[in-house]
Structure formats: C-alpha cells, structure tokens
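Chain by chain, the residues run as shown.
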Amino acid sequence: MLDKTYGPSEVEEKHYKAWEEAGLFACGNAPEGDPYTIVIPPPNVTGSLHMGHALNNTLQDILIRYKRKKGGDALWQPGTDHAGIATQMVVERQMEKEGLSRHDLGRDKFIERVWDWKAESGGTITGQLRRLGASCDWSRERFTMDDGLSAAVRKVFVELFKQGLIYRDKRLVNWDPMLHTAISDLEVEQRETTGKMWYMKYPVEGEEGRFVTVGTTRPETMLGDTAVAVHPDDDRYKDLIGKHAILPIVERRIPIVADDYADPEKGSGAVKITPAHDFNDFQVGQRHHLKLINVLDHNACMNDNVPKHLRGLDRYECRDAVVKEIDGLGLLEKIEDNAMTIPYGDRSGVVIEPWLMDQWFVDAQRLAGPAITAVEQGKTTFVPKQWENTYYEWMRNIQPWCISRQIWWGHQIPAWFGPDGEIFVEETEEAAKAAAHKAYGKDVELIRDPDVLDTWFSSALWPFSTLGWPDEPPELERYYQTDVLITGFDIIFFWVARMMMMGIHFMDGEVPFHTVYIHALVRDEKGQKMSKSKGNVIDPIELIEKYGADALRFTLTAFAAQGRDVRLSEQRVEGYRNFCTKLWNAARFCEMNECQPVPDFDPAAVTGMVNKWIIGKVVETERAISGAIDAYRFNEAAHSAYQFTWGTFCDWYLELVKPVLQGVDGDAKAETRATASWVLDQILHLMHPIMPFITEELWQQMGDNRAQPMITAPWPDLDDSLVDTTANAEMDWVVRLISQVRGLRSEMNVPVKAEIPLLLKDAGDLAQTCIVTHVEQINRLARLSHIELLEGDTPKGAVQDVLDEATIVLPVADVIDVAAEKARLDKEVGKQQSEIDRFEKKLANEKFVANAPEEVVETEREKLADARQVQARLNEALERLGQVG
C-alpha cells in the first residue's frame, strides 16, 4: 500500500543505490542496440554542484535515460577535470594555515599533497551529481590526470610539436602577478570602473616646441613605449608620419607610424604603442617591426629596463612617480575621468598584466580550418543554430593558443632543454635523452621544462581520450564519435572548438560529436544572473533536500526553452513538487480502486468510449514527448508530460470514470481498472527520463513481480491505430464543453453548489450525440441541473458563449447579483488599468530602459503583457454580463 505522502529523500537514496549496484548505468547492457554516447563536461575536481551544473546534467540524463529505454546502448561517460590553478590554490591555502608554502615542500612533495587532497575531498561534486539522479556509467569514471589520459596528453603534445603545430615563442600572455602564472581569457574577469586618462606630450624630434599628445590610462607603461601611432588619414598628423618623437624620462627616440588602430575620434587621435604590455599594441608592433621592451617583472614591479630611480617600484607606485615627473617636465597636458574595464584574475582577484614571456603555443589557425569546414558541411550542427555564428566568429579570428602555465599541478610539458638550450620533445625522459645523445654525440644533462599545460589542453581530448585512445580498445571503435554535447555558450570557444580541432586531427577527420546543444543560463526569478555578491544564488542541493530531485529536475526542464534563459525561483520548484504529489495521489486513487496491471492487457481491445479516448491520448502524448526530446525541445517534453498527467489523466479521465469504478457493472469496472493501470504505467515510462525517482518507486509499488526496473523497462511502442477518431471527437468535445461552462460560471461568480440548466442552441450532430451519450458525466462535472436543446429565442437573464457551431446558453440571473458582479468586474478592470499605466510609464522612461539590465526590462514588458491579458479577459466577462441584464 502506498504511503499517504511521497517522501523523496528515502526513495531517492534507495533507488539510486540499487541502480548503481546492479550496473544499470553501464554501457554494453544492450549490445544489440545502436550506440549512443554523451561525454559529460568534466566538472572541476574542486567544485560543488551549482544550478548551471544541475540544468546541464539534467538535460544529459534525460537523453541518456530516454535512449536507454528506447533500447540503445547508452554510454554517459563521466569524469572530472584536474582544474590546475583552482586545485593548486585550494591546497596552497590549506598549507598557508600551517605556515607552509609549496616551495617549502618542493615540487614532488607538493604534488603528492595535491593527490592526497584529491583522494579525500575531490569527490564532492560526483556525489552531488548522484543526488541529482545522474545515471552516468561510474564504472568508467575518468580524471584528466589519470594514467591513461596523461598518456594521451603526452602523445598529442609530441605529435603536434613534431608536425610544427606546437611551438615555443615570446608573446604576450594574461599574467597573474599573484599566482605567478599565465591564465586563459576565460579566467580573466572584466570589471567596469571609472579611471583616469592622462594626456602626455611627447616632443617631436628636430621641431622645437612641437609635441604629439598621447592619452593613456597606464602612464607607468610609457617607459616601454617604442612608437607613437596615428591614423594614416588624420590630417593633423600626416606630416609627422615617418618622423620620430622623444620619449620623456627615458629620452628614447621612437618612430611615429601610420596605423588604422589609431582612432582620430578618440582622445588626441595619437596613441602610445607599448608592444610588450598591451595586446593591441603587440599587433601594431608586429606590423611595424617594433622593438619589444618589457618593463615589469613577474610581481608586476618595475624591472631593470627602466631608469634606475624607478626600478623595483610597484606598478601603481611607479604610475604616481611617472605622472609627477611628467608634470614636473611640463609635459602633462590634462587629466580626465575615463570609463573603462580592467582585467582581474577570477581566482586571485588582482589586476592582470599583459606580459611578454616565452611560452608554448598551438598553431590554432591551422587546426581551425577543418573544424570550420566540418560545421559548414553539417557534420556537426549547433542547437540553437544561431550559435554557429558565434563559433565561426571565434574560429575565423583565432589567435595562437598559449598552452603553458607556470604552476606545478597539471600535466608537466614533455620538453627537455639541452645545455645549449636546444629543446627535445618526447613522450618520456628516456626518449628525450636518446634524442639528445643523437644530437650531441654523447650523454648530456637535460633539464625538463617546469611549466604545465593549460587545463583546456587535456579537456580538448576528452571525447576520445576517455574511450581509451591512444590505445584502440573496442569501446573507442563503438562509442566514437559521440552523439551530442550539452554545454553552455560561454565555453564554445574554450572547449567545444578545441575538441573539434583535436578530434578531427587525431581521429582521422571524424568530428567528436554530431550535435552541440547550447543551453541557456539559469537566472533568478527576476532574470538577474546569480552571484554571491547579489545574494541571489540558489543551491540545488538545498532544493533537492527540501523538495526532492524530481521536482528540481522537472522545473529546470520545463523552463529549458531553446535560446531563453531559465528563470528559477524556489516557488517554481515547490510548484513542481506539488506535481509529484499529484502523480502520487493519482496512483493512490488507482490503488484504492483496485487498478492493478493486467499482464495480457490489450489496449486495442477496450470498448468503453472514455477508455478508448484516454488510450489515444497516451499515443499522442508519447509522440509529442519523443518528438520533443529528439529535437532537444526539453521544455515541450515537460509541458506535454505535465498537461497529460495533471490535466488529461488526473483532472479528466479519473473524474470521468469515477462512477464506473464505484458502480456495479462488473465488465465496465474491470476494463476501466485495467485501462487506468495501463495508462498510469505509460505515464511512468514517459515521465521517467525527467523524474526518475518517483516513477521508479511507483512502478515497483504498483505492480507485483515487474520483469525489470523502470530505468531499463522498454519505452512504450504504441501503434497509431490505438487513436480512435470517434472517441477523440466525442470526448474532446465533452471536455471543451465542461471547461467552457466552468469558465462561464467562474466569470459570473456563480455559487459552486448551484446547479443550473444548460441550453444548447444550433447544436450539430456531434454535439447532439454527446449530450445524450455523456449527459451524466457532463451534468456532474459542470454542475448542471439538466441539458436541453434550444430551438427558439435565447431567454433573458442568460450568459452565452460559442462552442464550434453551437451556442452555449446558461441562465444565471436567478443565482447571481448582476449589479454586484458588474461593480466587482469594473473595480478589477480599473485595478488592471492602474497596473498597465504603471508599467507603460516605467517602460517609456528612456533612462530606465537604457540603464536597467536587459533581463529586468524584459520582465517589466512581460508584466505589462500579462496585465493587458487579464484586463482583456475581464472586459470579455463584463460584455457577457451585459447579456444577462
């Protein structure tokens, strides 16, 4: 017997443990089925589950559970990322409390300590994914630094180096002066602020009293200037092109060059060029073959390339000193406030420096070509399709990829330096020594490059390295290429594009996945991005503990419309917890009315009109849900499941058949019990991918000796012939009639218990058949005293509505106070008009629209649209009330 209420916590733990222990998540359980593969975007080993993870993994799990039930050989490949910088920071902070630094331990001991931390604390997020219900094949769990993946990383690095696609060069990188490492663009956080623009005058060589004024937000870097750039079409400076300026303080002679980078409309139109400390200036420097002068050290302090009196100063101390000295020389023209963005390290929180240093790079431009072509030819498609434009934009303007990082935790670069600096790149130290012996003719001491690889380098190999490459196990042959990648838009370039490049290059031109589904952001209910500073972060684990995993999963799925951000609130999750309760109560109703599975039940053999109708609706719902999941329209799948379960089955079918279940007709009762049980089973199948726990619990409790658990029970295979067009037409008409009568009663505020007559005018054949065949059900559910056909004029005191060709006439004057109802509706219309005026005024405020976040403005527009709809319905009700008298 089902408990009175559904308790998610006990059920979820019980079923997940049973599924995992029985090996039901494993690939290979359906060897005859078509392989279907998803690789999980590997979360950081340091991470804990946030709402973006919850959405991403819910959608993946829906696809995997659906394909598993459809008979596919489903593999959801799990694993975690070693998260180089993040993990190293966690362990270093731990050591700080002990008064230790990583240098106190040395590299090898420090790495041991990180592995110890990983063993103790690195499994948090995988445990949380289990709480969510993620049915990954945990027996195949990988880690980006496990032995197999490390071997893949070394092989790829060595092969790309020997193909000329990896090289060492001196270029600008994002340098974190606190962490002492280069970081990726993804790890740089741009913060808006109001700073200063200093305008400094550089003397023109040979023209006493003439200056070229340059504006800068970073006076300290002027010590590394090697040119001044002006636009070639700027008439103010045309005569200066090819001449030289004298750099103040340093007294260095620097050329004045013509370059389109200089904007005549911005500042003075002349730009100081510091190729070693600005990414745009670096490009200008490359075009004009300018000298690169690095004036900062690894701590962002001034180095020996600046005048002696400024050496060793912090960058900001130097800024003040330079401004003071320039002013003293009479060369400071003016200072202005300047709106700007400043790059910060997202982990260290310090300002990032573009810094010139030797680093390892991938020639991404050469690798990008085939990856662009693959999308152009449709070998890989993006859903929604507009994200292909983002992919093309990034890929067609791709820059060399800096892959070296100056930290200890990660894949150490397999490169060794000889005594004269020659580089030997091999998969092992033994191979490097052999190569060196061959080059030098003797054994020499080699020093390994201390840098490690960018975390994204190993992640780029994820679709094939996790399947066993560079070995050739059968899993690699069977499950590559993978089917769909589900990820966020923010890593299309950092991860998706790089997997495309590496997959095509190392897997004989085969793309790593045929579809990339880009999901939107999860925002708060007001449409604002969640952040700790705003205090609007919603913890998925807290919601799971409060409402159950199924409620959270269904909420995220219901709002996962393509191209639209998910607006989440606790109230919405609570609402879908109520949906779980509704399903549970429906099952209890079936159980109390002895609706048990009938092993040889044949849905094609039922004779009752209502039973035929509900069976046809099951078929339609299965088609809708399957079609939606196949097309990645997850919200539509949830909507179809919700509407059928709560609406069609609970609110209509069970209400329509109550008299049969409580009646004395044995044959009708037996058929209805069997039908209700069969329909409930189909609901459990169709809902399982989204709500796995409650469906498994009901499946096992509502049937004795089930052949297999719900997770592996076959998806419904229903023939189109089960849709009975006559039953559909009749029962759909009955449902619409009852719904419209109920709507009119509500609009007119007819007392709930009042039974009123229904007059049907101009009724066609279908209508006349239905009011005879289904009169008892209509009267009971619409609270009618009787139904009759109306031949003559419409009586006074009646409200009217149209249903197909017929007119619904409800005499209500005797059961409502017309004047009081008119006053009530007038008041409501006025209230809505006040709301409309308020929203319109707000949206007419240009300052509000320009400055408010886009999601806030969109919310206000939606509220205005809702208020207008409510007012329109109230006006319709007033118009109908006018029919009464």
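Here the structure is shown first, and the text comes after it.
Residues numbered from 1 in each chain as written. Predicted model: local features only at pLDDT ≥ 70, side-chain atom pairs only at ≥ 80, totals over all residues. Heavy atoms only, no water.

## Some details on the side chain of Lys-617
- Mapped onto the elements, Lys-617 comes out in helix H20 (residues 609-630).
- Looking at Lys-617, the relative accessible area reads 14%, which means it is buried.
- Setting aside anything within four residues of it in sequence, one finds Lys-617 in contact with Phe-644, Thr-648, Asn-728 and Asp-732. (Helix = DSSP H or I, 4+ residues; strand = E, 2+ residues; numbered from the N terminus. Buried < 20%, exposed > 50% of the residue type's maximum accessible area, 1.4 Å probe, protein only. Contact = heavy atoms within 4.5 Å.)

## A look at the nonpolar core
- Tyr-391, Phe-457, Met-502, Trp-613, Phe-649 and Leu-810 are the most contacted members of the largest nonpolar core, which totals 204 residues.
- Element by element, the count of residues in this core is highest for helix H21 (residues 634-661), at 13 residues.
- Not counting residues within four places of it along the chain, the set of residues in contact with Tyr-391 comprises Ala-371, Ile-372, Val-375, Phe-382, Ile-492, Ala-497 and Met-500.
- In this structure, Val-204, Val-295, Met-302 and Phe-361 belong to the second largest nonpolar core, which totals 37 residues. (Core = buried A, V, L, I, M, F, W, Y, C linked by side-chain atoms within 4.5 Å.)

## Some remarks on the packing of helix H24 (residues 725-747) against helix H26 (residues 775-782)
- The contact between H24 and H26 brings their axes to 9 Å, and the two run at 25°. It follows that H24 is roughly parallel to H26 by the angle criterion. When you trace H24 past H26, the crossing you get is right-handed. Two secondary-structure elements touch here, H24 through Val-734, Leu-737, Ile-738, Val-741, Arg-742 and Arg-745 and H26 through Gln-777, Ile-778, Leu-781 and Ala-782.
- Residue classes in the contact of H24 with H26 are distributed as seven nonpolar, one polar and two charged. (Axes fitted to C-alpha atoms, helices over the stretch in contact; angles between N-to-C directions. Parallel < 35°, antiparallel > 145°, perpendicular 65-115°, else oblique. Left-handed = near helix turned anticlockwise from the far one by under 90°. Nonpolar A, V, L, I, M, F, W, Y, C, P; charged D, E, K, R; others polar.)

## Quick look at the side chain of Gln-128
- Mapping Gln-128 onto the fold places it in helix H6 (residues 124-132).
- Gln-128 sits in the buried class, given a relative accessible area of 16%.

## Observations regarding the sheet that holds strand E22 (residues 482-488)
- The strand order E15-E23-E22 describes an open sheet built from three strands, whose pairing is parallel. For this open sheet the edge positions go to strand E15 (381-383) and E22, each flanked by a neighbour on one side alone. Shown here is a sheet whose adjacent strand axes are inclined to one another by a mean of 20°, direction ignored.
- Across six bridges, the pairing between E22 and strand E23 (residues 513-519) is parallel. Bridge assignment links Gly-488 to a residue of E23, and that residue is His-519. (Pairing = 2+ DSSP bridges.)

## Quick notes on the state of the cysteines
- Applying the stated criterion across every chain, the model contains zero disulfides.
- In this model Cys-301 remains outside any disulfide bridge; the closest cysteine sulfur is found in Cys-318, 9.9 Å from its own.
- Its sulfur unpaired, Cys-595 is 4.6 Å from the next cysteine sulfur, which belongs to Cys-590. (Disulfide = S-S within 2.5 Å.)

## A look at the environment of Trp-416
- The residue Trp-416 is located in strand E18 (residues 415-417) in this model.
- What makes Trp-416 buried here is its relative accessible area of 3%.
- For the pair formed by Trp-416 and Lys-433, sequence separation is 17 residues and the distance between their alpha carbons is 8.6 Å.
- What Trp-416 contacts, discounting residues up to four positions off in sequence, is Glu-422, Ile-423, Phe-424, Glu-426, Thr-428, Glu-429, Ala-432, Leu-446, Ile-447 and Arg-448.

## Observations regarding helix H1 (residues 8-21)
- Between its first and last C-alpha atoms H1 spans 20 Å; for 14 residues at 1.5 Å apiece the expected length is 20 Å, and the two agree.
- Looking one or two places after H1, you find Gly-23, whose phi comes out positive at around 70°. (Expected span 1.5 Å × (residues − 1).)

## Description of the sheet that holds strand E26 (residues 756-761)
- Sheet architecture is open: four strands sit in the order E27-E26-E29-E28, paired in mixed fashion. Both outer strands of the open sheet, strand E27 (784-790) and strand E28 (798-803), are each paired with one neighbouring strand and no more. Between one strand and the next, the sheet's axes are offset by a mean angle of 25°, whatever the strand orientation.
- As defined by bridge partners, E26 adjoins strand E29 (residues 806-811) across three bridges and the pair is classed as antiparallel. Residue pairing in the sheet places Leu-759 in a bridge with Val-809 of E29.

## What to know about the packing of aromatic side chains
- For the coordinates displayed, the defined rule picks out 37 aromatic pairs.
- On the basis of an interplanar angle of 65° and a centroid distance of 6.2 Å, the ring pair of Tyr-16 and Trp-19 is categorised as edge-to-face. Of this pair, Tyr-16 and Trp-19 both sit in helix H1, three residues apart, which is roughly one turn of that helix. Considered together, Tyr-16 and Trp-19 belong to a single accessibility category, that of buried residues.
- Where Phe-579 meets Tyr-642, the ring centres are 4.6 Å apart and the plane angle is 45°; that geometry is what we call tilted. In this pair, Phe-579 is assigned in helix H19 (residues 570-592) and Tyr-642 in helix H21, connecting sequence segments 63 residues apart. (Phe/Tyr/Trp six-rings, centres within 6.5 Å; stacked < 30°, edge-to-face > 60°.)

## Notes on unusual backbone geometry
- Looking along the chain, the bond that leaves Trp-469 and enters Pro-470 is cis, with omega of 20°.
- Mapped onto the elements of the fold, Pro-470 is located in the loop between helix H14 (462-465) and helix H15 (474-479).
- Residues other than glycine seldom take positive phi values, yet His-289 does so here, at roughly 55°.
- Of note, His-289 is situated in the loop between helix H8 (279-288) and helix H9 (315-328).
- Judged by its relative accessible area of 73%, His-289 is exposed.
- If you check the backbone angles, Asp-762 has positive phi at about 60° while not being a glycine.

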